[in-house]
Amino acid sequence: MLNSDLHSHSTASDGVLPPADVVLRAATRGVELLALTDHDDLSGIAPAAQAAAEVGIGFVSGVEASVGWNGVSIHIVGLGFQPDNAALAENLAGVRTSRLVRGERIAADLERIGIGGALEGALRYTKNPQLLSRAHFARYLVEAGCGRNISSVFEHYLVPGKPGYVEHRWPSLEEAVGWIIDAGGVAVVAHPGRYKLSAREMRRFLDEFRAIGGRAIEVVSGSHSAADIRRFASLARRYGFLASRGSDFHAPEESVIDLGRLAQLPDGLEPVWRLFY
Ligand code: AMP
Ligand code: MN
Ligand code: MN
Ligand code: MN
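Residues numbered from 1 in each chain as written. Chains lettered and ligands numbered in written order. Predicted model: local features only at pLDDT ≥ 70, side-chain atom pairs only at ≥ 80, totals over all residues. Heavy atoms only, no water.

Structural notes on a positive patch on the surface
A cluster of basic residues, Arg200, Arg203, Arg204 and Arg238, forms a positive patch on the protein surface. When residues in the positive patch are grouped by element, the largest group, three residues, is from helix α8 (residues 199-211). By the secondary structure assignment, Arg200 is in helix α8. (Patch = residues over 30% accessible without salt bridge, like charges linked within 9 Å, V, L, I, M, F, W, Y side chains within 5 Å. Areas by Shrake-Rupley, 256 points an atom, 1.4 Å probe, with all protein chains shown as cover. Salt bridge = Lys/Arg side-chain N within 4 Å of Asp/Glu carboxyl O. Lys, Arg positive; Asp, Glu negative; His and termini not counted. Charge placed at Lys NZ, Arg CZ, Asp CG, Glu CD. Helix = DSSP H or I, 4+ residues; strand = E, 2+ residues; numbered from the N terminus.)

Right under this line is the structure:
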């Protein structure tokens, strides 16, 4: 089966490698078809596409959008859209502006529990302040000695119910899926195993996603266990969704699964990359 990896991040959002370096690392690790899917930003696509052409691997344009659905934050990956679509770029620019405002509030919350300098600290990890992510705060919190690693500081400070978590108004599911489809792309549910949804809520979410034009889900993901893979393979078959495969690579030391090291798609699924490759 094709060694595809359709979910990855660079310094254009909260990854640590520049776009071209993500491509080189992927190529070295045997990836044959890569999508760079930075959060809310398209600026990594052109340099990554050029690097992919130079090293001779396939490349698909990508983006990861956060949406609010019934009070839960869900990530939608867009693949294969026209990277120069003006409406998509404009809508993402609006989301980026709101990220910096949220970052200021996260820093104020952390200040209140005695952790100072978090805004400046997190910003030191970003190239673009508008792409400020909880991942940048996590790197600062580890640096400041607030926890031993990224997942531990997330758990103690940055998730709902914890002192550095700030509710945020992300675009709706319908908005983000619409932007992707209107730009000629395919909307994919990112790492569905990560959401705190009951089985019933998951079915309702997938019904809604399909009804508004969503066509694929990540079955194999860096954040899925073997049981998650079986569960979402079965849901993909039941709903007639195309199946995707992506590591969600952010950094060599942070990612559970490195580029190109994912399990194969289970049998009986239609790979989403048939649309591009
Ligand atoms: P944001 O989009 O700014 O809310 O930040 C979400 C980002 O933080 C995700 O894209 C991941 O990169 C990272 N992240 C979220 N939850 C965790 C976690 N539990 N452990 C490690 N990284 C996480
Ligand atoms: Mn991220
Ligand atoms: Mn995500
Ligand atoms: Mn991601």
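That shown, we press on.
A few points about the coordination of the manganese ion (ligand 3)
Tetrahedral coordination by four donors sets the ideal angle at the metal to 109.5 degrees; octahedral coordination by six donors sets it to 90 or 180 degrees. At 2.1 to 2.2 Å from the manganese ion (ligand 3) lie its protein donor atoms, namely Glu64 (OE), His75 (ND1) and His191 (NE2). Sequence spacing of the donors to the manganese ion (ligand 3): E-x10-H-x115-H. The distance between the manganese ion (ligand 3) and the manganese ion (ligand 2) is 5.6 Å. Of this pair, Glu64 sits in strand β3 (residues 58-69) while His75 is found in strand β4 (residues 72-79), placing the two residues eleven residues apart along the sequence. For the pair Glu64 and His75, one class covers both residues: buried. (Donors = N, O, S within 2.8 Å, 3.2 Å for Na, K, Ca; no water. Buried < 20%, exposed > 50% of the residue type's maximum accessible area, 1.4 Å probe, protein only.)

With respect to the site of ligand 1
In the vicinity of ligand 1, the contacting residues are Asp14, His39, Arg99, Arg102, Ser133, Arg134, Ala135, Ile150, Phe154, Arg194 and His250. The side chain of Asp14 places a nitrogen or oxygen atom 3.0 Å from an oxygen atom of ligand 1. His250 has a polar side-chain atom sitting 2.8 Å from an oxygen atom of ligand 1. Against a free-state accessible area of 500 Å², the protein chains account for coverage of 80% of ligand 1. Elements represented by at least two residues in the shell around ligand 1 include exactly α3 (86-112), α5 (134-143) and α6 (150-158). Across the shell around ligand 1, the residue classes tally to three nonpolar, three polar and five charged. (Near = heavy atom within 4 Å. Polar contact = N/O pair within 3.5 Å; in protein donor to acceptor, adjacent residues only side chain to side chain. Nonpolar A, V, L, I, M, F, W, Y, C, P; charged D, E, K, R; others polar.)

Considerations on the packing of helix α1 (residues 19-28) against helix α2 (residues 45-55)
Pairs of packed helices are described in terms of their axes, by the angle between the two and the distance that separates them. Where α1 meets α2, the closest approach of the two axes is 8 Å, and the angle between their N-to-C directions is 35 degrees. Where α1 crosses over α2, the handedness of that crossing is right-handed. Here α1 contributes Pro19, Ala20, Val23, Leu24 and Ala27 to the contact with α2, which in turn contributes Pro47, Ala48, Ala51, Ala52 and Val55. Within the contact of α1 with α2, the residues separate by chemical class into ten nonpolar, no polar and no charged. (Axes fitted to C-alpha atoms, helices over the stretch in contact; angles between N-to-C directions. Left-handed = near helix turned anticlockwise from the far one by under 90°. Contact = heavy atoms within 4.5 Å.)

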